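Listed here are the chains, written in short residue letters.
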Amino acid sequence: MSTADQAVQAGPARPASLGPVLRWLRFFWSELSLIFRRPRNLAMLAVIAAIPVLLGVVLKVSAPAAGNGPAFVNQVTQNGVFLTLAALVVMLTVFLPLAVAVVAGDSVAGEAASGTLRTLLTVPAGRTRLLLVKFSAVLVFCLAACLLVAVAALLTGFLLFPVGRVTLLSGTTIPLADGLLRVLLVVLYATAGLAAIGAIGLALSCLTEHPLAAMAALMVIVIASEIADSVSQISAAHPYLPTHWLLSWDGLLRAPVDSAVTEHGLLSFAAYAVIFGSIAWARLGAADITS
Amino acid sequence: MSRDEVGFGQGKPPDRDGSAVRWSAAAQQAGPLAERAVPRSGQAVPRSGQAGPWSGRSGPRAGQADLAIASRGLTKRFRRGQLAVDGINLAVPAGCVYGFLGPNGSGKTTTIRMLLGLIQPTDGGHQLLGSAMPAGLNAVLPRVGSLVEGPAFYRHLSGRANLARFDAADRTADRRTARARIDQALDRVGLLAAAGKHYRAYSLGMKQRLAIAVSLLQPRDLVILDEPTNGLDPQGTREVRALIRQIAADGVTVFVSSHLLAEVEQTCTHVGVMRTGRLVFQGTLAELRDQHAPRIVVRTSQPELAAKVLADLELAEVTSDDHQVSALLGDAAPEQVNATLVRAGVPVAALDTPRPSLEDLFVQLTGEGFDVDG
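Attention in this report is confined to the structure presented alongside it. It should be emphasised that the depicted structure is a prediction, and the values quoted were computed from it without experimental measurement.

So, how was this worked out
Residues numbered from 1 in each chain as written. Chains lettered and ligands numbered in written order. Predicted model: local features only at pLDDT ≥ 70, side-chain atom pairs only at ≥ 80, totals over all residues. Heavy atoms only, no water. Helix = DSSP H or I, 4+ residues; strand = E, 2+ residues; numbered from the N terminus. Buried < 20%, exposed > 50% of the residue type's maximum accessible area, 1.4 Å probe, protein only. Contact = heavy atoms within 4.5 Å. Areas by Shrake-Rupley, 256 points an atom, 1.4 Å probe, with all protein chains shown as cover. Salt bridge = Lys/Arg side-chain N within 4 Å of Asp/Glu carboxyl O. Core = buried A, V, L, I, M, F, W, Y, C linked by side-chain atoms within 4.5 Å. Pairing = 2+ DSSP bridges. Axes fitted to C-alpha atoms, helices over the stretch in contact; angles between N-to-C directions. Buried area = accessible area lost by both parts, 1.4 Å probe. Phe/Tyr/Trp six-rings, centres within 6.5 Å; stacked < 30°, edge-to-face > 60°. Patch = residues over 30% accessible without salt bridge, like charges linked within 9 Å, V, L, I, M, F, W, Y side chains within 5 Å. Parallel < 35°, antiparallel > 145°, perpendicular 65-115°, else oblique. Nonpolar A, V, L, I, M, F, W, Y, C, P; charged D, E, K, R; others polar.

### A word on the overall build of chain A
Of the regular secondary structure elements, chain A holds 11 helices and two strands. In sequence order, the secondary structure elements of chain A are arranged as α-α-α-α-α-α-α-α-β-β-α-α-α. Considering chain A as a whole, with its 291 residues, one finds that 49% of them fall into the buried category. Across chain A, every contact between residues at least 6 apart in sequence was considered, and the portion connecting residues at least 24 apart equals 74%. Carbon and sulfur atoms provide 72% of the accessible area of chain A, an area that totals close to 12600 Å².

### What about the overall build of chain B?
On a plain count of helices and strands, chain B comes out with 13 helices and 15 strands. Of the contacts made within chain B by residues no fewer than 6 positions apart, 70% connect residues no fewer than 24 positions apart. In the structure as shown, chain B presents an accessible area of about 16300 Å², 50% of it carried by carbon and sulfur atoms.

### Overview of the pattern of salt bridges
Within this structure, the stated rule accounts for 17 salt bridges over all chains. Taking the shortest distance from any N to any O, the salt bridge between Glu227(B) and Lys108(B) comes out at 3.5 Å. Pair noted here: Glu227(B) is in the loop between β8 (222–226) and α8 (234–249) and Lys108(B) is in helix α3 (residues 108–115), with a separation of 119 residues, a long-range link. The burial state of Glu227(B) is the same as that of Lys108(B); both residues are buried. Residue Glu239(B) is joined to Arg209(B) by a salt bridge in which the shortest nitrogen-to-oxygen separation is 3.6 Å. Placement of Glu239(B) in helix α8 and of Arg209(B) in helix α7 (residues 204–215) is noted, with a sequence separation of 30 residues between them. Neither residue differs from the other here; Glu239(B) and Arg209(B) are each classed as buried. Several salt bridges converge on common partners, so that one network encompasses Glu31(A), Glu111(A), Lys134(A) and Arg165(B).

### Here we look at the nonpolar core
One finds Ile69(B), Leu90(B), Val144(B), Ile212(B), Leu222(B) and Phe255(B) to be the most contacted residues of the largest nonpolar core, which totals 100 residues. In terms of residues, this core owes the most to one element, α7(B), which gives six residues. With 64 residues, the next largest nonpolar core counts Leu55(A), Val102(A), Phe141(A) and Ala153(A) among its residues.

### Section: the sheet that holds β8(B)
All names here are of chain B. Read across the sheet, six strands follow the order β7-β8-β9-β4-β10-β11 without closing on themselves; strand pairing throughout is mixed. Every interior strand has two partners, whereas the edge strands, β7 (144–147) and β11 (278–284), have only one. The mean angle between the axes of side-by-side strands here comes to 10 degrees, regardless of whether they run parallel or antiparallel. With four bridges joining them, β7 and β8 adopt parallel strand pairing. Within the sheet, the bridge partner assigned to Val-144 lies in β8 and is Leu-222. Of the strands in this sheet, β4 (97–101), β8 and β9 (253–258) touch α8, which is tilted by about 155 degrees from β9. In the packing of helix α13 (residues 358–366) onto the sheet, the strands contacted are β4, β10 (270–275) and β11, and the crossing angle to β10 comes to about 40 degrees.

### Some details on the interface of chain A and chain B
Counting residues at the interface gives 40 residues for chain A and 46 residues for chain B. Across the interface of chain A and chain B, roughly 3600 Å² is buried in total on both sides, 55% from carbon and sulfur atoms. Counting across the chain A and chain B interface gives four salt bridges. Between Arg26(A) and Asp167(B) there is a salt bridge; the shortest N-O distance is 2.8 Å.

### Things to note about the packing of aromatic side chains
The relation between two aromatic rings is expressed through the spacing of the ring centres and the mutual angle of the planes. All names here are of chain B. Here the structure, examined in full by the defined rule, presents 11 aromatic pairs over all chains. A ring pair is formed by Tyr-98 and Phe-100, whose centres lie 6.5 Å apart and whose planes are at 40 degrees; its orientation type is tilted. Each member of the pair, Tyr-98 as well as Phe-100, is classed as buried. For the ring pair Phe-100 and Phe-255, a centre distance of 5.0 Å and an interplane angle of 40 degrees mean the geometry is tilted. Of this pair, Phe-100 sits in strand β4 while Phe-255 sits in strand β9, and the two are 155 residues apart along the sequence.

### A few points about a nonpolar patch on the surface
All names here are of chain A. Taken together, the side chains of Leu-147, Leu-181, Leu-184, Leu-185 and Leu-188 make up a nonpolar region of the molecular surface, amounting to roughly 410 Å² of accessible area. Sort the elements by how many residues they give to the nonpolar patch and helix α9 (residues 176–207) lands first, with four residues. Considering the arrangement of structural elements, one finds Leu-185 in helix α9. By relative accessible area, which is 36% here, Leu-185 ends up partly exposed.

### Looking at the packing of helix α5 (residues 82–93) of chain A against α9(A)
Residues and elements named next belong to chain A. The N-to-C vectors of α5 and α9 enclose an angle of 10 degrees; their axes lie 11 Å apart at closest approach. Taken as axis vectors, α5 and α9 run roughly parallel relative to one another. Contact residues: Thr-84, Leu-85, Leu-88 and Leu-92 in α5; Val-183, Val-186, Val-187, Ala-190 and Leu-194 in α9. Considering only residue class, the contact of α5 with α9 consists of eight nonpolar, one polar and no charged.

### Considerations on unusual backbone geometry
In this model, Val123(A) is joined to Pro124(A) through a cis peptide bond whose omega is 0 degrees. Mapped onto the elements, Pro124(A) comes out in the loop between α7 (116–122) and α8 (127–160). Non-glycine residue Leu129(B) carries a positive phi angle of around 50 degrees. The residue Leu129(B) is located in the loop between β5 (123–128) and β6 (131–132) in this model. Positive phi is not limited to glycine here, since Glu149(B) has a value of about 50 degrees. Taking the relative accessible area as the measure of exposure, Glu149(B) reaches 41% and is therefore partly exposed.

### Considering the environment of Ala145(A)
All names here are of chain A. Mapped onto the secondary structure, Ala-145 falls in helix α8. For the pair Ala-145 and Val-100, spaced 45 residues apart in sequence, the C-alpha to C-alpha distance is 8.7 Å. With residues near it in sequence (within four places) discarded, Ala-145 still touches Leu-45, Ile-48 and Leu-96.

Structure (structure tokens):
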């Protein structure tokens, strides 16, 4: 008798002791492999990795005149480590939110569109459990995308520019290793900011069966928020915009770390994640799955 | 057609885990399908329109343990006001193969979605395997395999990776046995050889079988299959029918919806017939046939004389025209009726005892053609 038969006949006494956590992790892992093996997402990540390299090459070929270009760009030619920060500034405005929109918008709506959502729910995956897995996977994708930008930029910076002790915004100079630690903090902060956008995308994804609609809607929200953020007449509303705090990690590059602004940003991200996570949960928890 | 497709459901490789042997043994224990037509409890299955499965039974025991699916007044009205399912009382005895028949658009899939908790009923409720839904969904659904409205998979994954995905999503599935269970499910539907192929390269028949394989990933007490033969060629239909028999032979209750009567007639012990959201018949296949008693039809050149003889034999509903006479056969033996007719001097040109085909009954119950009311 094969092991399969034994497994089947042991059916009624299915091991209950096996932690639900382990099984959750297995589901989570399957979700991650779905995201990170999908050709579309891999192409997107390749582009995300290529842009910092391009940025480095451009800066090497023609260094910008002092005072021009995005933040940190002027420091890049003196210290390659700054390419990571310059790349994050460039990527956080459009490319990273776009990538998150694609993954988050597709997360539930994509399953609904292909019909796999009904199979997942009858398996049963559990609606809340499914949503937790989806959000966790989006979070991991945000981290992976930000890390990818940082690593690609760091490697390019090391190749093309001199690298050494890092001069912080406050004028203090710290060892390279400490500088890299600061970059990692920035990456984590940006991940949190993208995850808040991802939560909005997840909620949108639960509202429709058309993944493209959810992706487009999220990009509209991101771009509208960025435009509103640049209109000074409504500056009172700026702190409540989802993208307002995305680049507010200057404080992490000071000595000592000035955490007041970043804490405010993290609070905003958490609020967005909770509000839109709740919307997603309320929607998916009660929705009639007719796809 | 690929080799694995041909071999499906029939010539299993003898060296595989002996499961085919196990099934045939189980089939012998279970006996021919016809003998299992009566529910194990011996209780008559309530017809629609009569008392629902939860009423009129004595005490808390109430026989619900005998019912794999029991619904009471299950109703779904969609937001646009369309009444998709109208107060149906399903009673599916445990261990039976229940054919859920009805034309397209009669509410079968909506009912199945409600049974599985995918959509909320607007009224009424139901039990699965003795537990009230939707409270018991997460506890009961692992024991219920299902295929809802056609196969749905990840196109860029292989058949095996697709099954692994759904197995990973199952909160009760054990990772350590996953590989063996997945292979066994693939083997049962005859897809083991094609397991590594991309889903998008599968033929329609293979897709349907993969969908059935999902319902076989775990040992089940109830399998709900929504139109499992939809879009299949006759060969594929036959394969799926054989598979349903195998699943049922293991003692699993099978609830299979179809708009094809032939399919139900060949595999099912019980039928429920839907028409525009209502359950217009529920009972055993034999009970469905008995709805319409057989008649005797005599072709003769002397219909008046023949009619008189049939009336003398106390046959009911004697009707005659220029060429033939017919009457309800009742308990009379047709050969005796024939002998009496001949003795009375009736020239019998032909004598027939047509039973209305299930097809006729089905059409009577569900209406002709495409007249989906409302």
